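Reading the structure
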Amino acid sequence: MGEEFQASKPIYMQIVDKINQQIIRGDLLPGNKLPSVREMAIQTGVNPNTIQRTYSELERMEIVETRRGQGTFVTENDNLIKELKVRLQMEIIEGFFNNMKELGFSDEEMLSGLEFYIKGKREKGYD
């Protein structure tokens, strides 16, 4: 029932990340209602206060909106969702780039490695 969380990042931010990923993948669509704070706390095995903080952070990011008496809903603003997708993509690329630089890879080596990886995935049918 409960989830595994990393010690290096606040739990509420890990749940924010998970919900953002679900939105980007299309598992949660614009206008979809999120579980209530209590339901989400039970699903994730964390304190309801943590979920309230998660929802508050998502609201601050304008990814969700809370409607009094109705619940919390994924934004229907497509531009915000596109911006979220690009922002997360850049964060992942930045992490990859920094890790590769620390290992001493040049930009060219990174690009050729990525091309090799993607080509190999295509040939194996993982497209």
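Let me begin by describing the structure that accompanies this report. (Residues numbered from 1 in each chain as written. Predicted model: local features only at pLDDT ≥ 70, side-chain atom pairs only at ≥ 80, totals over all residues. Heavy atoms only, no water.)

A word on the overall build of the protein chain. Along the backbone of the protein chain there are five helices and two strands. Element order for the protein chain, N to C, with α for helix and β for strand: α-α-α-β-β-α-α. Radius of gyration (C-alpha) of the protein chain: 18 Å, far over the 14 Å computed for a compact globule of 127 residues. With respect to the principal axes defined by its C-alpha atoms, the protein chain has extents near 55 × 30 × 30 Å. Across the protein chain, the fraction of contacts at a sequence separation of at least 24, relative to all contacts at a separation of at least 6, is 51%. If you sum the accessible surface of the protein chain, you get close to 9200 Å²; carbon and sulfur atoms cover 51% of it. One finds the centroid of the 17 positive side-chain charges in the protein chain at a distance of 5 Å from the centroid of its 21 negative side-chain charges. (Helix = DSSP H or I, 4+ residues; strand = E, 2+ residues; numbered from the N terminus. Rg over C-alpha atoms; globule rule 2.2 N^0.38 Å. Contact = heavy atoms within 4.5 Å. Areas by Shrake-Rupley, 256 points an atom, 1.4 Å probe, with all protein chains shown as cover. Lys, Arg positive; Asp, Glu negative; His and termini not counted. Charge placed at Lys NZ, Arg CZ, Asp CG, Glu CD.)

Quick look at helix 2 (residues 37-44) now. All of the buried residues along helix 2 are Met40, Ala41 and Thr44. What you see down the axis of helix 2 is that its buried residues fit within an arc of 105°, all on one side. Where helix 2 is buried, its residues meet helix 1 (11-25) and helix 3 (48-60). Following helix 2 by one or two positions, Gly45 has its phi on the positive side, about 75°. (Buried < 20%, exposed > 50% of the residue type's maximum accessible area, 1.4 Å probe, protein only. Arc of directions from axis to C-beta.)

Applying the stated criterion across every chain yields a total of zero aromatic pairs. The lysine or arginine in question, Arg67, covers the ring of Phe73, its NZ or CZ lying 4.0 Å from the ring centre. (Phe/Tyr/Trp six-rings, centres within 6.5 Å; stacked < 30°, edge-to-face > 60°. Lys NZ or Arg CZ within 6 Å of the ring centre and 35° of its normal.)

What follows covers the pairing of strand 2 (residues 71-74). Each regular strand carries side chains that alternate between the two faces of the sheet. As defined by bridge partners, strand 1 (residues 64-67) adjoins strand 2 across four bridges and the pair is classed as antiparallel. In the sheet register, Val64 faces strand 2, and the bridge partner there is Val74. Between strand 1 and strand 2, which follow one another and run antiparallel, lie three residues, and Gly69 among them has a positive phi close to 80°. (Pairing = 2+ DSSP bridges.)

Ranked by size, the top nonpolar core spans 20 residues in total, and within it Ile19, Ile23, Leu34, Ile51, Tyr55 and Leu58 carry the most contacts. Residue assignment for this core shows that the elements contributing at least two residues are helix 1, helix 2, helix 3 and helix 4 (78-102). Considering each element in turn, this core owes the most residues, six residues, to helix 1. Residue assignment places this core across two domains, with domain 1 (11-76) and domain 2 (79-124) each supplying three or more. (Core = buried A, V, L, I, M, F, W, Y, C linked by side-chain atoms within 4.5 Å. Domains from an automatic or database assignment.)

Right, let's get into helix 5 (residues 107-123). Taking 1.5 Å per residue, 17 residues should reach 24 Å; helix 5 reaches 24 Å between its end C-alpha atoms and fits that length. Phi turns positive one or two residues past the end of helix 5, at Gly125, with a value near 85°. (Expected span 1.5 Å × (residues − 1).)

Here we take up the side chain of Thr75. In this structure, Thr75 sits in the loop between strand 2 and helix 4. On the basis of relative accessible area, Thr75 is assigned to the buried category, the value being 5%. Polar contacts involving the side chain of Thr75 include one to the main-chain amide nitrogen of Asn77, which spans 3.0 Å. In contact with Thr75, not counting residues within four places along its chain, are Pro30, Gly31, Glu62, Ile63, Val64, Leu80 and Ile81. (Polar contact = N/O pair within 3.5 Å; in protein donor to acceptor, adjacent residues only side chain to side chain.)

Turning our attention to the pattern of salt bridges. Taken as a whole, this structure holds six salt bridges when the rule is applied. For Arg67, the salt bridge is made with Glu65, and the minimal N-O distance between the two is 3.3 Å. With a relative accessible area of 26%, Arg67 lands in the partly exposed category. Glu65 gets classed as partly exposed once you look at its relative accessible area, which sits at 37%. Residues Asp107 and Lys101 are paired through a salt bridge, measuring 2.9 Å at the closest nitrogen-oxygen approach. (Salt bridge = Lys/Arg side-chain N within 4 Å of Asp/Glu carboxyl O.)

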